[in-house]
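In case you want the letters, here they are:
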Amino acid sequence: MSAEGRAALDRAIGLQGRGPYVLQAAIASLQAERPVDWPQVAALYCELATLSGSPVVELSRAVAVAEAGDPAGALAAVDALELGDYRYVDSTRAELLRRVGDVDAAAVAYTRAIERALTEPERRFLVRRLAEL
């Protein structure tokens, strides 16, 4: 099924497809590969964000930027977003703060994320990450 999906993606790209669905498929395809080409994933998220104007897509782009090796740049991008009470902002910020070495701020962000977690597995994961600080 993966090969069929990649073939369909290749056809769409060959037909000059750069719409949101093609970009999402390309991102998913790259993330299924090992190792993941995080700079390319970040670039595709940048294109998708331009098309969609979605701050949630920008959050995903920031995660890809961090995975590509720039957690400080990713943190700056997340801090510039207007996401209100979007539930994954705090956990994303916590992880980025941990990666840049700001343990105190990471603890605050993890605590807030734990308070907002909707599922027990998510809460356990966040509690574990907080304990690892």
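By convention here, each chain's residues receive numbers from 1 onward along its written sequence. Owing to the predicted nature of the model, reporting of local features is limited to residues with pLDDT of at least 70; listing and counting of side-chain atom pairs is limited to 80 or more, with chain, interface and lining totals taken over all residues. In computing side-chain values, all of the structure's heavy atoms are included and hydrogens and water are not.

Some words on the environment of Ala 28
- Mapped onto the elements of the fold, Ala 28 is located in helix 2 (residues 20-32).
- Between the C-alpha atoms of Ala 28 and Val 41, which are 13 residues apart in sequence, the distance is 8.7 Å. Numbering of helices and strands runs from the N terminus, with a helix taken as a DSSP run of H or I at least four residues long and a strand as a DSSP run of E at least two residues long.

Section: the layout of surface pockets
- A volume near 370 Å³ is recorded for the largest pocket.
- Here a cavity denotes grid points, spaced 1 Å and computed from the protein atoms alone, that fit a 1.4 Å probe unable to get out, and a pocket denotes an open set having protein on both sides within 12 Å along at least 5 of 7 lines; residues with an atom within 4 Å of a point are the lining. Around the largest pocket, the lining is made up of 17 residues, and of these Val 63, Tyr 88, Ser 91, Thr 92 and Glu 95 lie nearest the centre.
- For the lining of the largest pocket, the secondary structure elements donating two or more residues are helix 4 (55-67), helix 6 (89-100) and helix 8 (120-132).
- Any residue outside Ala, Val, Leu, Ile, Met, Phe, Trp, Tyr, Cys, Pro, Asp, Glu, Lys and Arg is labelled polar, Gly included; the first ten of those are nonpolar and the last four are charged. A class-by-class count of the residues in the lining of the largest pocket yields nine nonpolar, three polar and five charged. Grid points are joined across faces, edges and corners, and a volume is the space filled by probe spheres set on the points.

Here we look at the nonpolar core
- The nonpolar core is taken to be a set of buried Ala, Val, Leu, Ile, Met, Phe, Trp, Tyr and Cys residues, with the residues joined through side-chain atoms within 4.5 Å. A simple rule labels every residue: compare its accessible area, found with a 1.4 Å probe on the protein chains alone, to the largest value its type can have, and call it buried under 20%, exposed over 50%, or partly exposed in between. Among the nonpolar cores identified, the biggest contains 33 residues, and Ile 27, Val 41, Tyr 45, Leu 48, Ala 74, Leu 96 and Leu 126 are the most heavily contacted of them.
- Of all elements in the fold, only helix 2, helix 3 (38-52), helix 4, helix 5 (71-79), helix 6 and helix 7 (103-116) reach the threshold of two or more residues within this core.
- Those residues in contact with Leu 96 that lie beyond four places of it in its chain are Ala 66, Pro 71, Ala 74, Leu 75 and Val 78. The contact criterion used throughout is that any non-hydrogen atoms of two residues lie within 4.5 Å.

Remarks on the environment of Pro 39
- Secondary-structure assignment places Pro 39 in helix 3.
- Through-space distance from the C-alpha of Pro 39 to that of Gly 69 is 8.7 Å; in sequence the pair is 30 residues apart.

These values are about where atoms sit, not about what they do.
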